[in-house]
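Listed below are the residues making up each chain.
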Amino acid sequence: MADIKIYHNPQCGTSRNTLALIRNSGEEPEVIEYLKTPPDRETLKQLVADMGIPVRKLLRQKGTPYEELKLSDPALSDEQLLAAMLAHPILMNRPIVVTPLGTRLCRPSEAVLDILPAPQQGAFTKEDGEQVINDKGERVVGA
């Protein structure tokens, strides 16, 4: 079994689809419901570094206190943005998946396919009806 973690929000369709794609590869990941068990500062900083994205790219705007906290201000430092995510975990975009092949913010959910060590084992259709994997376990073109 590969060592796979998913920072997951079960209320999020993209997060549910990503988790299902991981399981469709035959793996059972460590599921971290980050709203219940948020990462600490060092873990969050490491996730951002491992993804190779700016801290600001990890911020979620929709359904969060992003506007209220004025997080669009370009003068805010990475440390200030991290502090906001630590104080309000809902600001952290999801899902984040960590595998031996890399760490990725999996939006769209099929982005996880690029870092899964094992191939898909069967067909997979996302909750919205979009087929991502065919019945041979192959990625559908355009997905």
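All of the points below concern the structure found in this document.

What counts as what
Residues numbered from 1 in each chain as written. Predicted model: local features only at pLDDT ≥ 70, side-chain atom pairs only at ≥ 80, totals over all residues. Heavy atoms only, no water. Pairing = 2+ DSSP bridges. Helix = DSSP H or I, 4+ residues; strand = E, 2+ residues; numbered from the N terminus. Core = buried A, V, L, I, M, F, W, Y, C linked by side-chain atoms within 4.5 Å. Buried < 20%, exposed > 50% of the residue type's maximum accessible area, 1.4 Å probe, protein only.

**Some remarks on the pairing of strand β3 (residues 96–99)**
For a regular strand, side-chain orientation follows a simple rule: the groups alternate between the two sheet faces. With 3 bridges connecting them, strand β1 (residues 5–8) and β3 associate as antiparallel partners. Across the sheet, Lys-5 pairs through a bridge with Val-98, a residue of β3. Bridging between β3 and strand β4 (residues 102–105) involves 4 bridges; their strand directions are antiparallel. Bridge pairing links Ile-96 to Leu-105 in β4. Connecting the antiparallel pair β3 and β4 is a turn made up of 2 residues.

**Here's the deal with the nonpolar core**
With 20 residues, the main nonpolar core has Leu-58, Met-85, Met-92 and Ile-96 as its most contacted residues. Of all the secondary structure elements, the ones that give two or more residues to this core are α2 (41–51) and α3 (78–87). Among the nonpolar cores identified, the runner-up in size contains 15 residues, and Ile-4, Leu-21, Val-112 and Leu-116 belong to it.

**Points about unusual backbone geometry**
Residue Pro-95 is reached from Arg-94 by a cis peptide bond, and omega for that bond is -5 degrees. When you line up the elements, Pro-95 lands in the loop between α3 and β3. Note the cis peptide between Arg-107 and Pro-108, where omega equals 5 degrees. Looking at the secondary structure, you find Pro-108 in the loop between β4 and β5 (124–125).

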